[in-house]
Amino acid sequence: MANDNHKPSLSEDLSQSLSAQETSQPEEMPPVEAAEISATPEHPDVETLLKRLEEAEVKAAEHLDGWQRTQAEFINYRNRVQRDAEIQRATMKAEILQKILPILDDLDLAMHNMPADDPWASGIELIVRKFHSLLAAEGVTRIEAEGKPFDPNFHEAISHEPHDTVESGHVIEVVRNGYMIGERVLRPALVRVAQ
Amino acid sequence: MPRIIGIDLGTTNSVAAFMQGGEPVVIPSAEGERLVPSVVAINKNGERLVGRVARNQAITNPSNTIFSIKRFMGRKFDDPEVARARSVVPYEVNAAPNGDAWVKMGDRLYSPPEISAMILTKIKRDAEAYFGEPVTQAVITVPAYFNDAQRNATKDAGRIAGLEVLRIINEPTASSLAYGLDKKKTKLSWFTT
């Protein structure tokens, strides 16, 4: 088929296969002239053939359409699976990080009460720093809340109290740090809010 | 075929799920959580907050933060249960012209189905974002003790949220289905004999 000089057409194919049939059949085939052939079940007339051709063409179009649809569906399916896998990866990561955060809280609290001039404690501090830099490398950021206007999208209020210096509706103190991963809140910051 | 979601519309939290390969899968909220707090609020700027965000600010805005709306669903204002619930919620509960218990948020009264609809709307939107296609049909669970009025109120909530509620299922029924009671027939032989 790739040969540009000679492309066998359908009729040539047909005549070749006909001649092949002739050699295998001892009886001689009648000459292929449509007008002379009387319609029999083995040799249907032109009208029937045309009808069959039309039916075959309709069928072929149907199949092509079905195939194209299936291919489109498959592409959609593949895209969805890819997207689902990405969402699942992000969700799993977030779930694990959420479980790790309370340990980070404990370590941060321990560092606040670090005994002075203790080389062993300094060693632990280095480990905690390593922990923080690992989280940063994973895209985890701490939510800045202290002194900022209270925003329920990132902060969770645990008290609403009068305060002398902090402006109303602003955060007095962060009780527990909040963290984000990318645009997503892993855990809101627990805050006290000024009335 | 349109996608049908199942919603557990709870007193404190709500959850949505769908069937994937014969197994229920929870649809995460826009915040990436499995649970959506059943809380609705209107903040000082008149913005409506639903779910996690509404709960985060609850303590700073108690009179305009509605939670436990399920306790008022389909109940009359003079219902003893309404009196009990009123004593523990910080927001205002009033009688509507038809005698139903309505709640006050911002500067107007809302019917419990309206409040529930806000929660359902969030769940619907989050589900649509998750699937990337519209969601219009849902099955919602209610406590087995819910009467007709309460079931209808739940259906109304779905309708307001733009969800066709195909069925209201009793919570114990839903949990038995989740456990697979409908499939484990042989194990239940003692139940029938």
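Rules behind the numbers
For every chain, the first residue of the written sequence is number 1, and numbering continues from 1 along that sequence. Written order decides the labels, with chains lettered from A and ligands numbered from 1. Note on the predicted model: pLDDT of at least 70 is required for a residue's local features to be given, and 80 or more for side-chain atom pairs to be given and counted; whole-chain, interface and lining totals, by contrast, use all residues. Water and hydrogen atoms play no part in the side-chain values, which are based on all heavy atoms of the structure. To qualify as a helix, a DSSP run of H or I must reach at least 4 residues; to qualify as a strand, a run of E must reach at least 2; elements of each kind are numbered from the N terminus. Whether a residue is buried, partly exposed or exposed follows from its accessible area with a 1.4 Å probe, protein chains only, as a fraction of its type maximum: under 20%, in between, or over 50%, in that order. Here, two residues are considered to be in contact whenever any of their heavy atoms come within 4.5 Å of each other. When two components associate, each loses some accessible surface as probed by a 1.4 Å sphere; the sum of these losses over both components is called the buried area. Here a salt bridge means any side-chain nitrogen of Lys or Arg lying within 4 Å of a carboxyl oxygen belonging to Asp or Glu. Expected span, for any helix, means 1.5 Å times one less than how many residues it has. Arc, as used here, means the arc of the directions from the helix axis to the C-beta atoms. For this analysis, a polar contact is any N or O atom pair within 3.5 Å, provided that within protein one partner can donate a hydrogen and the other can accept it, and provided that sequence-adjacent residues contribute only side-chain to side-chain pairs.

Remarks on unusual backbone geometry
(1) Moving on: A positive phi is found at Asp117 of chain A, a non-glycine position, where the angle reads about 50°.
(2) Moving on: Checked against the element boundaries, Asp117 of chain A lands in the loop between α2 (46-112) and α3 (119-137).
(3) Moving on: On the basis of relative accessibility, which here comes to 81%, the residue Asp117 of chain A falls in the exposed class.
(4) Moving on: At Ser68 of chain B, a residue that is not glycine, the phi angle is positive and equals roughly 50°.

Describing the interface of chain B and chain A
(1) Moving on: Listed as interface residues are 14 residues of chain B and, on the opposing side, 15 residues of chain A.
(2) Moving on: With both chains or domains summed, chain B and chain A bury close to 1,200 Å², and 48% of this area falls on carbon and sulfur atoms.
(3) Moving on: In terms of surface lost to chain A, no three residues of chain B exceed Asn56, Ile59 and Thr60 of chain B, which account for 40% of the buried area on that side.
(4) Moving on: Inspection of the region where chain B meets chain A yields two salt bridges.
(5) Moving on: In this structure, Arg34 of chain B and Glu95 of chain A form a salt bridge, with 3.8 Å as the shortest nitrogen-oxygen distance.

Things to note about helix α4 (residues 148-160) of chain B
Note on helix geometry: an α-helix contains 3.6 residues per turn, so any two residues three or four positions apart are oriented the same way.
All names here are of chain B.
(1) Moving on: A rise of 1.5 Å per residue sets the reference length of α4, with its 13 residues, at 18 Å; its end C-alpha atoms lie 18 Å apart and thus fit the reference within 8%.
(2) Moving on: Listed in full, the buried residues belonging to α4 are Gln150, Arg151, Ala153, Thr154, Ala157 and Gly158. The buried residues of α4 occupy an angular sector of 160° when projected down its axis, which confines them to one face. Exposed positions of α4 whose direction lies more than 90 degrees from the buried face are Asp148, Arg159 and Ile160.
(3) Moving on: Each element contacted by the buried residues of α4 is listed here: β1 (4-9), α3 (112-131), β11 (137-142) and β12 (164-170).
(4) Moving on: Measuring from the backbone nitrogen of Ala149 back to the side-chain oxygen at the start of α4 gives 3.1 Å, which picks out Asn147 as the cap.
(5) Moving on: At the exit of α4 stands Gly162, carrying a positive phi of roughly 85°.

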